[in-house]
Amino acid sequence: MSIGIASIAWIKNDRVYAKGVGAAAMLGVKDMRAPNPSIVLFPRPVENFGRFPEYAKLACETAALALKAGGIDRATGNKLDVAMLCAGYENTTDADCNFFQDYLDCGRELGRGALFVYTLPTSALADVSIALGLTGAALYLESDITPFAELYLTARGMIENGETKSALLLWQNRQTSLCALVDDRAESEHYIRGKEAGRIVERWNDLKDAVAYLHKTRFSGGFKTR
Amino acid sequence: MKTVITGSRMLSPYGAGIDPAWNGLIAGESAIRKEEEFAGGSFMSEYTARVPNLALKGRSRLFSMVAPLIDDMRREIPQDSAILLATTVGEIDLLEKSIADNNSDAENANPKRLLNDLRNIAAVKGPGAVVSAACASSSAAVERAASMIREERADSVLVIGCDAVSEFVFAGFSALMALAPGRARPFDRNRDGLTVGESACAALLMSEERALSEGRKILAEISGCGMSSDAHHMTAPSREGGGLVSAIQKALRAAAIEPARIGSVSAHGTGTDYNDAMELKAFRRVFDDNPPPVYSIKGGTGHTMGAAGLLEILIAVESLRKEIAPPTTGLVDPEDEADGMVSGLPIETPGAEFALSTNSGFGGINAAIIIKKRL
């Protein structure tokens, strides 16, 4: 078994990037919500998508891009046992503030359920699960030192133990949504393998650096350039 | 690598320690009371399950609950332990205050801050993480701890599950029309919602090898875990219980046992119409015509959110030890699907070797933990 990152997708501002074992690199401006988008992401229209908070929409889009770039076709719409792990608390803080401020503005009499359901760190994962039909474990897991690396090591352990065949790792802050697909498929030019793969992703501070890196290098558990 | 529980602490609406909770539950007494601070008005309910006589010494209600618990346990905890903090909303009263005072301190409510402080109190140097999986948060943390031990990433993990009663959560569940106007009555024909409760629990999980080499008392073994998602709806569970069935089957496979060996089930049993109906369907599917006794403690403790999983696991450990399943507090008239499974009286479980604890949460998250008797 050789486990690693099979694909990665980012959305930052209006820039989209996705690359993986299953697709050529996609890089461009986000148009997934346009009437005739260049990329169709979801097996069927996502109910109430227009009402999701922005970060939940981005979570669904980056997760769908990561699956697509990883060669996992959700077009059939059947449910799929893919685990989902996430980190990043900024959007949860904002959602908590939105709910409670709205509650205060309503005279401390009644909150809004539609805002309350987004006050959990796993709320965006729930939307991902429903939109893409993913039935694996779902949890928020935030290391106090290495958030993405911890998600990656956890996913590796789940795959090695046979709990799942693949996992989506979602890492969001207010500006960026990043999603990686981890599984045990064979080596590829875009395939980051090894226990350090999580830390490699975490070292990228800037989307531009990450794009440049993925375009130019081959990974094999460490930094090697062609 | 087997995972065992070698120590624990509990603070619940019955008071400090496992004994008050166990004694109260076995007697069928509910710790749900009328809410003094913020109920009434437009809220659906006037009831919560609060920790009695809590000394509010810390910066938040949750800190006041959990910090003394960990401090009391400190001497048992090896310095190289990892630490996992499970919670749904953490110190949400800090955020409430920040919004009400119109300042920018909302980030202080980030659970990583609480994790860091508890790490210092426990004096542990191992890796740490916040774990959250809606109302299955502390079950998920137990599952994570067992995985870390199996993968040899740690051989001692302090798992903490906690959430406090707050206006934030109370208002939220009221807005979703999910609160029982009175006390929650899990699996009852006339059930009409959940009661918000609070708790702080801690358990020290170790590899069996380390526990034995250090001469520690083994309270129980975590022999199997499973998690799944319904992929159905943000707040309502999948009606047929397929997601929960999947989680239970994963746990059974991990424990390498057949369903017939489960001696009792501690269900999530919130008292809401859909959750309880879903669970009963799921249990029928797993156990066919021979289900073990099923109970819920939430009619006694309220729904303690992120603490629920660990609180219920520790009560299940007690249940195995004493060979008796507690009654489902608040149950008066079981619904038809609960017939033969759920009781308002304690049920003896002589010889029971395994117990199953299940939790489900928003987003269709499901968790199942199988506990093996060791004492």
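Scroll up for the structure.
Residues numbered from 1 in each chain as written. Chains lettered and ligands numbered in written order. Predicted model: local features only at pLDDT ≥ 70, side-chain atom pairs only at ≥ 80, totals over all residues. Heavy atoms only, no water.

Caption draft 1: View of the packing of helix α1 (residues 54-69) of chain A against helix α4 (residues 123-132) of chain A. All names here are of chain A. As a packed pair, α1 and α4 sit with axes 9 Å apart at the nearest point and diverge in direction by 50 degrees. Overall, the two elements α1 and α4 adopt an arrangement that is oblique. Between α1 and α4 the crossing geometry is right-handed. The residues of α4 that touch α1, namely those facing Tyr-55, Ala-56, Ala-59, Cys-60, Ala-63, Ala-64 and Leu-67, are Ser-123, Ala-124, Asp-127, Val-128, Ala-131 and Leu-132. (Axes fitted to C-alpha atoms, helices over the stretch in contact; angles between N-to-C directions. Helix = DSSP H or I, 4+ residues; strand = E, 2+ residues; numbered from the N terminus. Parallel < 35°, antiparallel > 145°, perpendicular 65-115°, else oblique. Left-handed = near helix turned anticlockwise from the far one by under 90°. Contact = heavy atoms within 4.5 Å.)

Caption draft 2: View of the interface of chain A and chain B. Of the residues lining the interface, 50 residues belong to chain A; the matching set on chain B comes to 51 residues. For the pair chain A and chain B, the summed buried surface comes to about 4,200 Å²; carbon and sulfur atoms form 61% of the total. Contact with chain B buries area across many residues of chain A, yet A:Phe100, A:Phe116 and A:Asp144 alone supply 15% of it, more than any other trio. Here chain A is connected to chain B by 7 salt bridges. (Buried area = accessible area lost by both parts, 1.4 Å probe. Salt bridge = Lys/Arg side-chain N within 4 Å of Asp/Glu carboxyl O.)

Caption draft 3: Layout of the pairing of strand β5 (residues 138-143) of chain A. In terms of burial, β5(A) is a largely internal element, 6 of the 6 residues being buried. Residues A:Ala138, A:Tyr140 and A:Glu142 line one face of β5(A) and the alternating positions A:Leu139, A:Leu141 and A:Ser143 line the opposite face, and both faces are buried. The pairing of β5(A) with strand β6 (residues 128-132) of chain B spans 4 bridges and is antiparallel. For A:Leu141, the partnering residue across the bridge sits in β6(B) and is B:Val131. (Buried < 20%, exposed > 50% of the residue type's maximum accessible area, 1.4 Å probe, protein only. Pairing = 2+ DSSP bridges.)

Caption draft 4: Focus on the packing of aromatic side chains. If you walk through the whole model with that rule in mind, you get 16 aromatic pairs over all chains. Geometrically, the ring pair formed by A:Trp10 and A:Tyr17 is tilted, given 5.4 Å between the ring centres and 50 degrees between the ring planes. A residue is classified by how much of its surface remains accessible, and A:Trp10, at 4% relative accessible area, is buried. According to the relative accessible area criterion, A:Tyr17 is buried, its value standing at 1%. Ring centres of A:Phe42 and A:Phe49 lie 5.8 Å apart, and the angle between their planes is 50 degrees; this geometry places the pair in the tilted category. With a relative accessible area of 16%, A:Phe49 lands in the buried category. Through pairs of rings, three or more aromatic residues link up here, namely A:Phe99, A:Phe100, A:Tyr103, A:Phe116, B:Phe43, B:Phe168, B:Phe170, B:Phe173 and B:Phe362. (Phe/Tyr/Trp six-rings, centres within 6.5 Å; stacked < 30°, edge-to-face > 60°.)

Caption draft 5: Molecular detail of helix α2 (residues 90-105) of chain A. Between the first and last C-alpha of α2(A) there are 22 Å, a value that for 16 residues agrees with the 22 Å anticipated at 1.5 Å per step. Within α2(A), burial applies to A:Asn91, A:Thr92, A:Thr93, A:Ala95, A:Asp96, A:Cys97, A:Phe99, A:Phe100, A:Asp102, A:Tyr103 and A:Leu104. Buried residues belonging to α2(A) abut α1, α3 (113-116) and β6 (166-172) of chain A together with α3 (92-100) and α6 (167-175) of chain B. Downstream of α2(A) by one or two residues, A:Gly107 has phi in the positive range, about 80 degrees. (Expected span 1.5 Å × (residues − 1).)

Caption draft 6: Geometry of the sheet that holds strand β8 (residues 196-197) of chain B. Residues and elements named next belong to chain B. Here 3 strands make up an open sheet; going across it, the order is β3-β4-β8 and the pairing mixed. Looking along the sheet, the strands with just one partner apiece sit at the ends: β3 (33-34) and β8. Bridge count for strand β4 (residues 47-49) against β8 is 2 bridges, and the pairing is parallel. Paired with Ala-49 across the bridge in β8 is Gly-197.

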